[in-house]
Amino acid sequence: VTESRGCTESASRFLFCQNKKLAYSNSERILLEKLSSENEVSFNLLDDVFLQFAGDMDETPDKIMMTWAAGGFDFIHVASHLEAPLEGKIDLLDSKIKLTIMEDDANLSLVYLLSRYKVDEFRLVRSPLIFLNACKTMTNPAHLSHNQCFPKTFMKFGAGAVIATACDVPDIFANEFAKKYYEFLYQSEVGWWDSLSDALRKTR
């Protein structure tokens, strides 16, 4: 699933965020770093830039969002695990994107994100592509038209496009899907942002 709005600037900065407990997240990092380097896109790890851009924020989720905004990234790739609401619960706000920061666990919960999208310091001024490469990061296809889902919420922060999943995704498939997607995107001759949907269609 992808949602997007237009952006014409060339892309030059890539941020890779990961849950290090996932078996294939390091492989995904290596593949995407190689692709980015070959296409003259600066590849950055969240751990490496976290303290540089986080400023004096106290809470880890705030530091993550400050880093995303202040780093001026064009691509924010999230190789993560999504913790969905407990069985039988319908409150999507319990959903969490689970990351690793400096070997510590960190969560970006939907309820947290919905409480922060109006904070000026967290505005994504370069309208990045955010790729949420984890299981059910859209949470539920039935909620795509609602505001309580990760794609809609990141668009409120200023994302130019969001790629999310509507089903369970095996780690090795997520790895290969991301690799092929960026291959098609980097190969595009019509400009980065004009080709987002076309690259997704080819990858699928």
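Per chain, residue numbering runs from 1 following the sequence as it is written. Predicted model: local features are reported for residues with pLDDT of at least 70 only, side-chain atom pairs are reported and counted for 80 or more only, and whole-chain, interface and lining totals are derived from all residues. Side-chain calculation: all heavy atoms of the structure are included, whereas hydrogens and water are not.

### A short note on the overall build of the chain
Here a strand is any run of E in DSSP of at least two residues, a helix any run of H or I of at least four, and the numbering for each starts at the N terminus. When you go through the chain residue by residue, the secondary structure sums to seven helices and nine strands. Within the chain, the fraction of its 204 residues that count as buried is 50%. Considering only intrachain contacts with a sequence separation of at least 6, the fraction spanning at least 24 residues in the chain is 72%. Here the Shrake-Rupley method, with its probe set to 1.4 Å, supplies the accessible areas, and only the displayed protein chains count as covering residues. Carbon and sulfur atoms provide 49% of the accessible area of the chain, an area that totals close to 9,800 Å². Partly exposed residues are those whose accessible area sits between 20% and 50% of the maximum for their type, while under 20% is buried and over 50% is exposed, using a 1.4 Å probe and protein chains only. Contact between two residues is taken to exist if any of their heavy atoms lie within 4.5 Å; hydrogens are not considered.

### Topic: the confidence of the model for the chain
Residues at a pLDDT of 70 or more form 79% of the chain, whose mean pLDDT is 82. Counting contacts from residues 1–8, a segment whose pLDDT is below 50, to residues more than four positions away or on other chains yields 28 contacts. Scored below 50 in pLDDT, residues 141–145 makes nine contacts in the model with residues more than four places away or belonging to other chains. Residue-level confidence of the predictor is summarised by pLDDT, bounded by 0 at the bottom and 100 at the top.

### Some points on helix 7 (residues 196–203)
By the burial criterion, the buried members of helix 7 are Leu-196, Ala-199, Leu-200 and Thr-203. All buried residues of helix 7 fall inside an arc of 100 degrees around its axis, so they share one side. The directions from the helix axis to the C-beta atoms form the arc being described.

### Side note on the side chain of Glu-28
Relative to the elements of secondary structure, Glu-28 occurs in helix 1 (residues 25–38). The charged-residue count follows a simple rule in which Lys and Arg add positive charge and Asp and Glu add negative charge, with His and chain termini not counted at all. Salt bridge, as applied in this entry: a Lys or Arg side-chain nitrogen positioned within 4 Å of an Asp or Glu carboxyl oxygen. No salt bridge is formed by the buried Glu-28; its nearest oppositely charged neighbour, Arg-29, is found at 10 Å. Here a polar contact is taken to be a pair of N or O atoms separated by no more than 3.5 Å, where protein atoms must pair a possible hydrogen donor with a possible acceptor and residues adjacent in sequence count only if both atoms sit in side chains. At 2.5 Å, the side chain of Glu-28 and the side chain of His-77 are in polar contact. A polar atom in the side chain of Glu-28 sits 2.9 Å from the side chain of Asn-133. When residues no more than four places from it in sequence are discounted, the contact partners of Glu-28 are Phe-16, His-77, Ala-79, Asn-133, Ala-174, Asn-175 and Ala-178.

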